[in-house]
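Descriptive structure summary
Letter by letter, the chains look like this.
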Amino acid sequence: MPKEEKNLTLEGVDLINFSGFNEKNIDLIRERFKSKITVRGENVHIKGDGEELAQIETIIKELILLQKRQSKITEGDVNLIIELVTGSQDSALEKRVGAKRSEIDDIILAGKNDFVKPKTLGQLELFRKSQTNEIVFAIGPAGTGKTYLAVAIALAALKAKKVNRILLSRPAVEAGESLGFLPGDLSEKVNPYLKPLFDALEDMVPIEKLKTYFERNIIEIIPLAYMRGRTLNNAFLILDEAQNATALQMKMFLTRLGVNSKAIITGDITQIDLPARQTSGLVQIQNILMNVDGVAFVYLGKKDVVRHRLVKDIINAYEVFTAKADGDSEKNHSGGNNKNENGKELSQ
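Cut-offs and rules
Residue positions within a chain follow its written sequence, with the count starting from 1. Per-residue local features are limited, in this predicted model, to residues with pLDDT of at least 70; the limit for side-chain atom pairs, both in listing and counting, is 80 or more; totals at the level of whole chains, interfaces and linings are taken over all residues. To get the side-chain values, take all heavy atoms of the structure and skip hydrogens and water. A strand pair is defined by DSSP finding two or more bridges across the two strands. A run of DSSP states H or I qualifies as a helix once it reaches four residues; a run of E qualifies as a strand once it reaches two. Both are numbered from the N-terminal end. Helix axes are fitted only over the stretch in contact, all axes being lines through C-alpha atoms; the angle between N-to-C directions runs from 0 to 180 degrees. Small angles under 35 degrees read as roughly parallel and large ones over 145 as roughly antiparallel, with 65 to 115 read as roughly perpendicular and the rest as oblique. Note: crossing handedness is left-handed where the near helix turns anticlockwise from the far helix by less than a right angle, and right-handed where it turns clockwise. Two residues qualify as a contact provided that any one of their heavy atoms is within 4.5 Å of a heavy atom in the partner residue. Throughout, the ten residues Ala, Val, Leu, Ile, Met, Phe, Trp, Tyr, Cys and Pro are labelled nonpolar, Asp, Glu, Lys and Arg are labelled charged, and all others, Gly among them, are labelled polar. The salt bridge criterion pairs a side-chain nitrogen of Lys or Arg with a carboxyl oxygen of Asp or Glu, the two atoms within 4 Å. Under the scheme applied here, a residue whose accessible area is under 20% of the maximum for its type counts as buried, over 50% as exposed, and between as partly exposed, the area being computed with a 1.4 Å probe on protein chains only. Directions pointing from the helix axis toward each C-beta atom define the arc. Buried Ala, Val, Leu, Ile, Met, Phe, Trp, Tyr and Cys residues that are joined via side-chain atoms within 4.5 Å together make up what is termed a nonpolar core.

Read across the sheet, three strands follow the order S1-S3-S2 without closing on themselves; strand pairing throughout is antiparallel. One side of each edge strand has no neighbouring strand; the edge strands of this open sheet are strand S1 (4–9) and strand S2 (36–40). Across the sheet, the mean angle separating the axes of adjacent strands is 15° when strand polarity is ignored.

Dropping the structure here:
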């Protein structure tokens, strides 16, 4: 089969970051294909068979878009884009998600010059399960993209006219769900608690269009306490910071779901701010709904952290610290009766 050639231009990107140290990012692509890839400044020359050339071109264009969106790309980003294009993910992932990823089908939300799609395998699982289940629980530490992806999935459903409205909610734990003493109207009272949801929306929807959505109640953001008594049909519901919802509040939220509605519930069970006497609804619900059809649980971890690299290190350091503290506690309980308050051994 005769070889074909293709020239691409890396316009408007950080060439050093794009190629990687000693062209490591380009080498990751080279390792997956037989085609010859040569980089000279802003020019990429590819020589190989037609099918491979098309895949490599798609990978490079996707990486250009990704770098423009987040200012840099990593080796993990390169591997993920390769997997998206070639469908070469491992059997463990296929078993978890239930289907192969093909081409660029996993773009969640596309704008004129931007797009949102899973960056990690855990995020992919969240996206895929949200397409096949009515209720999805996304549980994991800070920085794993739970809220951001949930908002993108809801906006995509709205854009595709699968739902007519979006409702986003959070428990206002710090104010004890009693916001009357704060100055201003309802919106001004709850804004500090709902700011992360506003941030995600503002990142994905032009500000003028977002204002229209709010004015027409197509998108509504309210504290969890204000959802009681409502039935929401043809809606996409998101409950953020769900670890701070009590067991009764969690039941209340889930039973708001009406005809043709879906929900994503996100939270971090290691960051519960409820009083000690109250049970977290997110912790309890795992035992209640784990085997219910139409309900899925996705557990994100350190590998799914997409914020600053230090976030992953911080989470790891806390895990080590907690494990050590738990070990010391068990040690003290087992030998506590044999020491005085200064830690010296007591005679038997």
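Moving on, we get to the packing of helix H10 (residues 247–254) against helix H11 (residues 281–289). Angle between the axes and distance between the axes: these two values describe a pair of packed helices. Where H10 meets H11, the axes come as close as 8 Å, and the angle between the chain directions of the two elements is 60°. In terms of their interaxial angle, H10 and H11 are classed as oblique. The crossing of H10 and H11 is right-handed. For the pair formed by H10 and H11, the contact residues are Ala247, Met250 and Leu254 on the first element and Gly281, Leu282, Gln284, Ile285 and Leu289 on the second. Here the contact of H10 with H11 is built from residues that sort into six nonpolar, two polar and no charged.

Overall, the coordinates contain 10 salt bridges when judged by the stated rule. Among the salt bridges present, the one from arginine 30 reaches aspartate 27, with a minimum N-O distance of 2.7 Å. Residue arginine 30 and its partner aspartate 27 are located together in helix H2 (residues 24–32), separated by three residues, close to a single helical turn. Residue classification places arginine 30 among the partly exposed positions, given a relative accessible area of 23%. A salt bridge links lysine 129 to glutamate 125; the nearest nitrogen and oxygen atoms lie 3.0 Å apart. One end of the pair, lysine 129, and the other, glutamate 125, are both in helix H6 (residues 121–132), four residues apart, so they sit about a helical turn from each other.

Since the α-helix advances by 3.6 residues per turn, residues separated by three or four positions end up pointing in the same direction. Where H2 is concerned, the buried positions are Asn25, Ile26, Leu28 and Ile29. Taken around the axis of H2, the buried residues stretch over an arc of 150°, which confines them to a single face. Tucked inside the fold, the buried residues of H2 contact helix H1 (15–19), S2, helix H3 (50–70) and helix H4 (75–86).

So, on to the environment of aspartate 14. Secondary-structure assignment places aspartate 14 in the loop between S1 and H1. Expressed as a C-alpha distance, the spacing of aspartate 14 and glutamate 42, which sit 28 residues apart in the sequence, is 9.7 Å.

A few words now on the pairing of strand S6 (residues 135–139). The element S6 is extensively covered by neighbouring structure, given that five of its five residues are classed as buried. In S6, alternate side chains face the same way, and those of Ile135, Phe137 and Ile139 on one face and Val136 and Ala138 on the other are all buried. Looking at chain direction, S6 and strand S10 (residues 262–267) are connected through five bridges and run parallel. If you follow phenylalanine 137 over to S10, its bridge partner there is isoleucine 265.

Our next topic: the environment of threonine 147. In this fold, threonine 147 is placed in helix H7 (residues 146–159). Using a relative accessible area of 18% as the deciding quantity, one classes threonine 147 as buried. Put simply, threonine 147 and glycine 267 are 120 residues apart on the chain and 8.7 Å apart in space, counted from C-alpha to C-alpha.

Looking now at the sheet that holds strand S7 (residues 165–170). Pairing in this open sheet of six strands is parallel, and the strands run S8-S7-S9-S10-S6-S11 from one edge to the other. The two strands at the open ends of the sheet, each matched to only one other strand, are strand S8 (219–223) and strand S11 (295–299). For this sheet the average axis-to-axis angle between neighbouring strands, irrespective of direction, equals 15°. Those strands touched by H6 are S6, S10 and S11, and its axis lies near 170° from that of S11.

The phi dihedral of glutamate 23 falls on the positive side, at around 60°, and the residue is not glycine. Within the secondary structure layout, glutamate 23 lies in the loop between H1 and H2. Look at asparagine 260: it is not a glycine, yet its phi comes out positive at around 55°. Looking at the element boundaries, asparagine 260 is found in the loop between H10 and S10.

Let us now look at the nonpolar core. One finds Val151, Leu155, Leu168 and Phe236 to be the most contacted residues of the largest nonpolar core, which totals 38 residues. In terms of residue count, H7 provides more of this core than any other element does, 10 residues in total. For leucine 155, the residues in contact, after removing those within four places along its chain, are Leu109, Ile166, Leu201, Met204, Val205 and Ile219. Ile26, Ile46, Ile81 and Val85 belong to the second-largest nonpolar core, a separate cluster that totals 27 residues.

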